[in-house]
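What the coordinates show
The lines below spell out each chain.
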Amino acid sequence: MRTRTARLCILALVTGLTLTSCAQGSVEGGDDSSDAQAIGFDSNAELSGELEIMGFGLGDDVAESRYAIAEEALGESVTINHVEGALDIQQFLTAVASGEPPDIIYTGRDQVGTFASRGALLPLDQCIAGEGIEIDNYRAAAINQVTFDDQIYGIPEFNSVQITMANSDLLDASGLTIEDVNGSDWEALAAATESLQISDGGQLSVIGYDSKLPEFLPLWANSNGVDLISDDGRTAQINDPAVVEALEFALGIYESQGGFGVVKAVRDSADFFGAGNQFASNTLGAMPMEQWYINVLNDVSPDAPMAFDTFRGKDGETLAVAGGQAWAIPSGSANPEAACRFARAMTTLDTWTAAAENRISLREEDGGTFTGILTARTDADEAIRDMVPETGDEKWDSAIEAMYEANDAAFSYPASAADNEFRTAWTDAVNRVLNGQEEPQEALDRAQEEAQSALDSAWAAWEDEG
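These figures come from a predicted structure and were not determined experimentally. Along every chain, residues carry numbers that run from 1 in the direction the sequence is written. Where local features are concerned, this predicted model is filtered to residues with pLDDT of at least 70; where side-chain atom pairs are given and counted, the filter is 80 or more; whole-chain, interface and lining totals use all residues. Neither water nor hydrogens contribute to the side-chain values; these are computed over all heavy atoms in the structure.

Examining helix H14 (residues 336-346)
For every residue, the accessible area (1.4 Å probe, protein chains only) is compared with the maximum for its type, and the residue is labelled buried under 20%, exposed over 50%, or partly exposed between those bounds. Elements are defined by DSSP. Helices are runs of H or I of four residues or more, strands are runs of E of two residues or more, and each kind is numbered from the N terminus. Here H14 lies mainly inside the structure; 9 of its 11 residues are buried. Buried within H14 we find Pro336, Ala338, Ala339, Cys340, Arg341, Phe342, Ala343, Ala345 and Met346.

Structure follows, in structure tokens:
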């Protein structure tokens, strides 16, 4: 049973209250670490009981094939209660605070620090050791996102990175190449935006370049030599001059095309996941985008005129922000042993390669192309990369090459005691700028104060009560 102070701390997240005296991770008789050590994690143990999963969807073949493997690993004595749909954070935190949490959750890696610092998750060091999870084979950037106070609180899953995607016909018509829009030369990118955009009677009909604000501010900031938070996750750097410059540049891309609202209207009019997407309909010149969109484009518009490259910093080097999900075990889980076994089974090398083999078979049946899968494991990525065939089409081969190069170059922000508040601060700031409510410097100065205040309070609470 969790102590009253720990429950109050979790409830503070649910209600939006600020409790600086929250007991971070304390449980009756000890802390979350000692609680986890008391659990008998053993890869040879026979498991039983129920396992409630929250936040995981069976929306595609990769999820379904891996889930089937994990289900078999648990054995027939474990009954799985699978709550479909994305994780409802408020529902989850309320369940933890009430003492009736799910047994395992599937959550964004950028949520793990906040959950861990509020005592909502168990540290997984004993789980990793007991189940023999090969943590050394997981990508450093992914592990960095789920490591709080030197303890791992999540088992990473897929990896998400960004690459540059462009319409090759529009590039050719303007005398441009993919290098002009890969981000390495901001002056060239601004000029390309002017050349690629098309307006009919003053009405924008073709977006020259979409800088993908607000979500890609960290990408632009890193390109300009700075991160939004320090390496230890304690100091916000949101209003660093290099961040301000990066936001001003990315905003200027929109302003040169009539403003964010104008660009967004054209963006939203495209059939993003269908055959009439912005590249197939020739209504977008280029943009940075997560690699999973390669598979979408290849599936719904394989003949679209495309060109691909990695996204590159101003130094010309490939860069990407790593993102993705993780499996985490809530404090108070009724069946943490089964939860740990499930997390291991969902992310083993053999599970990933089996999922890739299944997808290859499905692609062969429908005449499609297997474009790869990015995981949080280096060994799985290497094995799956070897399974990706040469397509014979330069554009798709270059897309796959860019995807794997970006994956190897990706960086991440560390887990912090105020992940949610930090992300909300900078995202809200960019949205205020996009909506014309504030200028970049003003918005980022305000975000800096909000984020640093949240970080200071959260870390102080953790250190005082941990």
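Having seen the structure, we can now continue with the description.
Some words on the sheet that holds strand E4 (residues 78-83)
Ordered in space as E4-E3-E5-E15-E8, the 5 strands form an open sheet in which the pairing is mixed. Two strands in the sheet have a free side with no partner beyond their single neighbour: E4 and strand E8 (155-156). Each pair of strands is called paired provided DSSP finds at least two bridges between the two strands. In the sheet, strand E5 (residues 104-108) pairs with strand E15 (residues 325-328) via 4 bridges, with the strands oriented antiparallel. Across the sheet, residue Thr107 finds its bridge partner in E15, namely Ala326. A contact between two residues is defined here by any heavy atoms of the two lying within 4.5 Å. To obtain each axis, a line is fitted to C-alpha atoms, and for helices this fit is confined to the stretch in contact; angles are then taken between N-to-C directions over 0 to 180 degrees. Running over the sheet, H14 touches strand E3 (49-54), E4, E5, E8 and E15 and is turned about 55° from E3.

Concerning the packing of helix H3 (residues 61-74) against H14
What describes two packed helices is the angle between their axes and the distance between those same axes. Two elements in contact, H3 and H14, have axes separated by 8 Å at closest approach and are oriented at 140°. Our classification of the angle between H3 and H14 gives oblique. The crossing of H3 and H14 is right-handed. Two secondary-structure elements touch here, H3 through Arg66, Tyr67, Ile69, Ala70, Ala73 and Leu74 and H14 through Ala338, Arg341, Phe342, Ala345 and Met346. Gly falls in the polar group here, along with every residue not listed as nonpolar (Ala, Val, Leu, Ile, Met, Phe, Trp, Tyr, Cys, Pro) or charged (Asp, Glu, Lys, Arg). For the contact of H3 with H14, the per-class residue count stands at 9 nonpolar, no polar and 2 charged. In what follows, roughly perpendicular refers to angles from 65 to 115 degrees, roughly parallel to angles under 35, roughly antiparallel to angles over 145, and oblique to any angle outside these ranges. With the far helix as reference, a near helix turned anticlockwise by less than a right angle produces a left-handed crossing, and one turned clockwise produces a right-handed crossing.

Notes on empty space enclosed by the protein
A 1.4 Å probe that fits into a set of points on a 1 Å grid over the protein atoms alone but cannot get out defines a cavity; an open set with protein on both sides within 12 Å along at least five of seven lines defines a pocket, and lining residues are those with an atom within 4 Å of a point. Grid points are joined across faces, edges and corners, and a volume is the space filled by probe spheres set on the points. Scanning the model with the defined rule gives 1 cavity of 30 Å³ or more in all. In this structure, the largest cavity encloses a volume near 40 Å³. Contributing to the lining of the largest cavity are Ile207, Asp210, Arg267, Ala270, Phe272, Gln278, Leu284 and Met287. The class makeup of the residues in the lining of the largest cavity is 5 nonpolar, 1 polar and 2 charged.

Some thoughts on the nonpolar core
Grouped together as the largest cluster of nonpolar side chains are 151 residues, with contacts concentrated most on Phe92, Met165, Val181, Trp220, Trp327 and Phe342. Counting residues per element, this core draws most heavily on helix H11 (residues 241-255), which supplies 10 residues. Setting aside residues no more than four positions away along its own chain, Val181 makes contact with Thr164, Ala166, Leu171, Leu189, Ala192, Leu196, Tyr209 and Ala286. By nonpolar core we mean a set of buried residues, namely Ala, Val, Leu, Ile, Met, Phe, Trp, Tyr and Cys, connected to one another through side-chain atoms within 4.5 Å.

Thoughts on the state of the cysteines
In this description, a disulfide is simply a cysteine sulfur pair whose atoms lie within 2.5 Å. Within the structure shown, the criterion is met by 1 disulfide. Here Cys127 connects covalently by a disulfide to Cys340, the sulfurs 1.9 Å from one another. Handedness here is read from the sign of the S-S torsion; for Cys127 and Cys340, about 90°, the answer is right-handed. With a gap of 213 residues between them, Cys127 in helix H6 (residues 125-131) and Cys340 in helix H14 connect regions that are remote in the sequence. Residue Cys127 is classed as buried on the basis of its relative accessible area of 1%.

Let's talk about unusual backbone geometry
Here the residue pair Leu213 and Pro214 is connected by a cis peptide bond, since its omega of 5° sits within 30 degrees of zero. As for its position among the elements, Pro214 is in the loop between strand E11 (203-209) and helix H10 (217-223). Positive phi, normally seen in glycine, also occurs at Lys212, with a value near 60°. Looking at the element boundaries, Lys212 is found in the loop between E11 and H10. Its relative accessible area of 8% is what places Lys212 among the buried residues.

Topic: the pattern of salt bridges
Any carboxyl oxygen of Asp or Glu that lies within 4 Å of a side-chain nitrogen of Lys or Arg is treated as forming a salt bridge with it. In total, this model carries 18 salt bridges according to the counting rule given. For Asp61, the salt bridge goes to Arg359, with nearest N and O atoms at 3.1 Å. With Asp61 in helix H3 and Arg359 in helix H15 (residues 349-366), this pair connects stretches of sequence that are 298 residues apart. Note on Asp61: relative accessible area 15%, which makes it buried. Its salt-bridge partner being Glu463, residue Arg234 comes within 2.7 Å of it at the nearest N-O pair. Residue Arg234 is found in the loop between H10 and H11, and its partner Glu463 is found in helix H19 (residues 440-465); the two are separated by 229 residues along the sequence. Arg234 gets classed as partly exposed once you look at its relative accessible area, which sits at 29%. Connected through shared salt-bridge partners, Arg432, Glu438, Arg446 and Glu450 make up one network.

Here we look at the sheet that holds strand E12 (residues 284-290)
The strand order E10-E11-E12-E9-E13 describes an open sheet built from 5 strands, whose pairing is mixed. Taken across any chain shown, the strands that pair with only one partner, and hence form the sheet edges, are strand E10 (198-200) and strand E13 (306-310). The sheet shows a mean angle of 25° between the axes of neighbouring strands, taken without regard to direction. The sheet contact formed by strand E9 (residues 162-167) and E12 spans 5 bridges and is antiparallel. Within the sheet, the bridge partner assigned to Thr164 lies in E12 and is Pro288. Those strands touched by helix H13 (residues 292-300) are E9, E12 and E13, and its axis lies near 130° from that of E12. Each of E9 and E13 touches helix H17 (residues 394-409); the most contacted strand, E13, lies at about 20° to it.

A closer look at the side chain of His82
Inspection of the secondary structure assignment puts His82 in strand E4. The exposure class assigned to His82 is buried, which follows from its relative accessible area of 18%. Contacts described as polar in this section are N or O atom pairs within 3.5 Å, which, within protein, must combine one atom able to donate a hydrogen with one able to accept it, while residues neighboring in sequence count only if both atoms come from side chains. From its side chain, His82 meets the backbone oxygen of Phe56 in a polar contact 2.5 Å long. Not counting the four nearest positions on each side in its chain, His82 is found in contact with Ile53, Phe56, Gly57, Leu58 and Tyr67.

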